[in-house]
Amino acid sequence: MQNGRRKSGPPSRNYVPPVEYPLSKPYRGGLVKNGGLTMKEALRAARIVVVDDSDSIVQLLTEVLALDGYLNVIGVTDPRLAIPTIEESDPDLLILDLHMPQLGGLEIMAEMSRHASPHAPLPILVLTADLSPEIRQRALLGGAKEFLTKPFDSAEALLRVRNLLETRMLHQTLKDENRVLELAVRERTRELEDLRVEILQRLALAAEYRDDATLRHTERVGRTAALLALELGVAPDGDGDLVFRAAQLHDIGKIGIPDAILLKEGHLSPAEFTRMKDHTVIGARILSENRFELLRLAEEIAITHHERWAGGGYPRGLAGPEIPLIGRVVALADVFDALIHKRPYKQAWSLDRALEEIAGERGRQFDPEVVDAFDRIRDEVISLHEVAAL
Ligand SMILES: [Fe+2]
């Protein structure tokens, strides 16, 4: 058995199927863009615009191309209609006469270059009877990729068309494949982030399990904080999910606090309380140096959720707007939950008493704006708690 796979027989319980990227589906040596067409099919489906003021040349070229299997050839004999036709049909190749009345090929190329995407310039095959070095240079500067001298040979014209289209298709395929790969990398990065968050959430649950075997405290704090953030219009993702997940990690630092302190019934001694305060710093350290938005938010919450609006909180003794708003939000969510539920160091308070306490700390422990937001959504917050168990 190699890499978790058996050589034969049914997969083991630990069998992890190999990841299949979408790349393998549409790519058949052809085009991702055209839903997996072969090069031959893609060439037949390519859109070609022929612009020449001579009816006979446009007719000849469209017929030659059609006979060779090209299905989408548009002929234009009025050069003033060239740009609108190109914009409308989004061609893969432009065959362009240089010398035309009203609007010459060089002017059309200049106009096109003002609107063209630098990533996928439209290949241009220039038709001309005048291939002086100067004209040739001007046409090349204008975006010409190939030249066909009038009168032209049909076989040569078809070869040049085919070469230009093949290059265009391969370029397009490469671009589409890169996009598919980018999506796969982005998906993998998101999976890694999810995995990392899940590990940390399980660590937070392990920390919480020591002083709350129901494991509901962190979840309720997350939900309350998300509701408050939405009410205050500060949820970064607009739906509160980021705050919900980040706030659940607020006490992850308790993993570093000894049981004798964390589970102690009654008041902590000053030395024990100092040690207990460290859970904010330990939590921030666990979550630090992270590039994921969720974990950066969680770090900010971990280090600030015990600060007080009027100052005197910990660990940094910040005050007022110095405390990030998300820290002020989680501070209230955390305290409210701790008040109305039993904790090792206290019995559950009645809802009325807890609400009185929150109101009394408006402008002291809690940001007045957060308390006001809490008042507005109070019923919704209370419904998160199992009132029967209060
Ligand atoms: Fe805490």
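These figures come from a predicted structure and were not determined experimentally.

**Description of the overall build of the protein chain**
Reasoning step 1: Within the protein chain, the secondary structure is distributed over 15 helices and 5 strands.
Reasoning step 2: Counting the 390 residues in the protein chain, one finds 33% classified as buried.
Reasoning step 3: Taking all contacts inside the protein chain whose residues are at least 6 apart in sequence as the whole, residues at least 24 apart take part in 61%.

**Overview of the pairing of strand 5 (residues 144-149)**
Reasoning step 1: Alignment of strand 4 (residues 124-128) against strand 5, held across 5 bridges, turns out to be parallel. Considered in strand 5, the bridge of isoleucine 124 is made with alanine 144.
Reasoning step 2: Taking the sense of rotation as the criterion, the β-α-β connection linking strand 4, helix 5 (residues 133-142) and strand 5 turns out right-handed.

**Considerations on the nonpolar core**
Reasoning step 1: Membership of the largest hydrophobic core comes to 44 residues, with the highest contact counts inside it found for Ala225, Leu228 and Leu332.
Reasoning step 2: Taken together, the elements giving at least two residues each to this core come down to helix 6 (154-209), helix 7 (217-232), helix 8 (241-247), helix 10 (270-287), helix 11 (293-304), helix 12 (325-340), helix 13 (351-360) and helix 14 (368-376).
Reasoning step 3: Ranked by residue count, the leading element in this core is helix 12, at 9 residues.
Reasoning step 4: Dropping the residues within four chain positions of it, alanine 225 is found in contact with Val243, Ala247, Val329, Val330 and Ala333.
Reasoning step 5: With 34 residues, the next largest nonpolar core counts Ala46, Ile95, Val126 and Leu164 among its residues.

**Observations regarding the packing of helix 12 against helix 14**
Reasoning step 1: Where helix 12 meets helix 14, the closest approach of the two axes is 10 Å, and the angle between their N-to-C directions is 50°. Our classification of the angle between helix 12 and helix 14 gives oblique. Like other packed secondary-structure pairs, helix 12 and helix 14 cross with a definite hand, here right-handed. Where helix 12 abuts helix 14, its residues Arg328, Val329 and Leu332 lie against Val370, Val371 and Phe374.
Reasoning step 2: Taken together, the residues of the contact of helix 12 with helix 14 break down into 5 nonpolar, no polar and 1 charged.

**Examining the pairing of strand 2 (residues 72-76)**
Reasoning step 1: Bridge count for strand 1 (residues 47-51) against strand 2 is 5 bridges, and the pairing is parallel. Across the sheet, the residue bridging to valine 51 is valine 76, located in strand 2.

**A closer look at the sheet that holds strand 5**
Reasoning step 1: Taking strand neighbours across the sheet as the criterion, the 5 strands line up as 2-1-3-4-5 in an open arrangement whose pairing is parallel. Bordering the open sheet on either side are strand 2 and strand 5, each of which pairs with just one other strand. Between one strand and the next, the sheet's axes are offset by a mean angle of 20°, whatever the strand orientation.
Reasoning step 2: Note that strand 1 and strand 3 (residues 93-97) share 4 bridges and pair parallel. In the strand pairing of strand 3, valine 50 is matched with isoleucine 95.
Reasoning step 3: Taken strand by strand, helix 5 contacts strand 4 and strand 5, and its axis lies near 145° from that of strand 5.

**Examining the environment of alanine 45**
Reasoning step 1: If you trace the backbone, alanine 45 turns up in helix 1 (residues 39-45).
Reasoning step 2: Sequence separation of alanine 45 and tyrosine 70 is 25 residues, and the distance between their C-alpha atoms is 6.6 Å.

**Description of the confidence of the model for the protein chain**
Reasoning step 1: Taken over all residues, the pLDDT of the protein chain has a mean of 84, while the share at 70 or more is 87%.
Reasoning step 2: Per-element confidence in the protein chain is highest for helix 14, whose mean pLDDT is 97, and lowest for helix 1, whose mean pLDDT is 84.

**Considerations on helix 10**
One turn of the α-helix equals 3.6 residues, which is why residues spaced by three or four share an orientation.
Reasoning step 1: With 18 residues, helix 10 should cover 26 Å at 1.5 Å per step; its first-to-last C-alpha distance of 27 Å lies within 8% of that length.
Reasoning step 2: The largest bend along helix 10 measures about 25° and falls at threonine 280.
Reasoning step 3: Those residues of helix 10 not exposed but buried are His279, Thr280, Gly283, Ile286 and Leu287.
Reasoning step 4: Those residues of helix 10 hidden inside the fold are in contact with helix 11.
Reasoning step 5: Glutamate 289 lies just past helix 10 and shows a positive phi near 50°.

**Regarding the packing of helix 11 against helix 12**
Reasoning step 1: Relative orientation of the contacting elements helix 11 and helix 12 amounts to 60°, with a least axis distance of 8 Å. When the axes of helix 11 and helix 12 are compared, the pair comes out oblique. Of the two elements, helix 11 crosses helix 12, and the hand of that crossing is right-handed. Mapping the contact onto sequence places Leu297, Glu300, Ile301 and Thr304 in helix 11 and Ile326, Gly327 and Val330 in helix 12.

**Structural notes on the environment of isoleucine 282**
Reasoning step 1: Its location among the elements puts isoleucine 282 in helix 10.
Reasoning step 2: Separated by 31 residues in the primary sequence, isoleucine 282 and aspartate 251 place their C-alpha atoms 9.2 Å from one another.
Reasoning step 3: With residues up to four places along the chain from it excluded, the contact list for isoleucine 282 reads Gly253 and Gly256.

**Considering unusual backbone geometry**
Reasoning step 1: Each neighbour pair has its own omega, and for lysine 150 with proline 151 the value is -5°, a cis peptide bond.
Reasoning step 2: Between tyrosine 314 and the following residue, proline 315, the backbone shows a cis peptide bond with an omega angle of 10°.
Reasoning step 3: As for its placement among the helices and strands, proline 315 is situated in the loop between helix 11 and helix 12.
Reasoning step 4: A positive phi is found at aspartate 90, a non-glycine position, where the angle reads about 45°.
Reasoning step 5: Note that aspartate 90 resides in the loop between helix 3 (82-89) and strand 3.
Reasoning step 6: On the basis of neighbour count, aspartate 90 is assigned to the exposed category, with 9 C-beta atoms found within 10 Å.
Reasoning step 7: Positive phi, normally seen in glycine, also occurs at glutamine 102, with a value near 70°.

What counts and what doesn't
Along each chain, residues carry numbers from 1 onward, in the same order as the chain's sequence is written. For this predicted model, a pLDDT threshold of at least 70 governs which residues receive local features, and a threshold of 80 or more governs which side-chain atom pairs are given and counted, while totals over whole chains, interfaces and linings are taken from all residues. Starting at the N terminus, helices and strands are each numbered in turn, a helix being any DSSP run of H or I of at least four residues and a strand any DSSP run of E of at least two. With C-beta atoms placed from the backbone, a residue is buried if 20 or more other C-beta atoms are within 10 Å of its own, exposed if 12 or fewer are, and partly exposed between those counts. For every residue pair, C-beta atoms are placed from the backbone, and the pair is scored as a contact if these atoms sit within 7 Å. For two strands to be treated as a pair, DSSP must find no fewer than two bridges joining them. When the strands point away from the viewer and the connection leading from the first strand across the helix to the second strand turns clockwise, the crossover is called right-handed. For this analysis, nonpolar core means a set of buried Ala, Val, Leu, Ile, Met, Phe, Trp, Tyr and Cys residues linked through C-beta atoms within 7 Å. Convention adopted: a line fitted to C-alpha atoms gives each axis, helices being fitted over their contacting stretch, and angles between N-to-C directions are expressed from 0 to 180 degrees. In these notes the angle categories are as follows: under 35 degrees is roughly parallel, over 145 is roughly antiparallel, 65 to 115 is roughly perpendicular, and the rest is oblique. Should the near helix be turned anticlockwise from the far one by less than a right angle, the crossing is left-handed, and should it be turned clockwise, the crossing is right-handed. Note on residue categories: nonpolar means Ala, Val, Leu, Ile, Met, Phe, Trp, Tyr, Cys or Pro, charged means Asp, Glu, Lys or Arg, and polar means any other residue, Gly included. A score from 0 to 100, pLDDT tells how confident the predictor is in each residue. Given a helix with a known number of residues, its expected span is that number minus one, times 1.5 Å. For a residue, the bend is simply the angle between two axes, fitted respectively to the seven-residue segment ending there and the seven-residue segment starting there.

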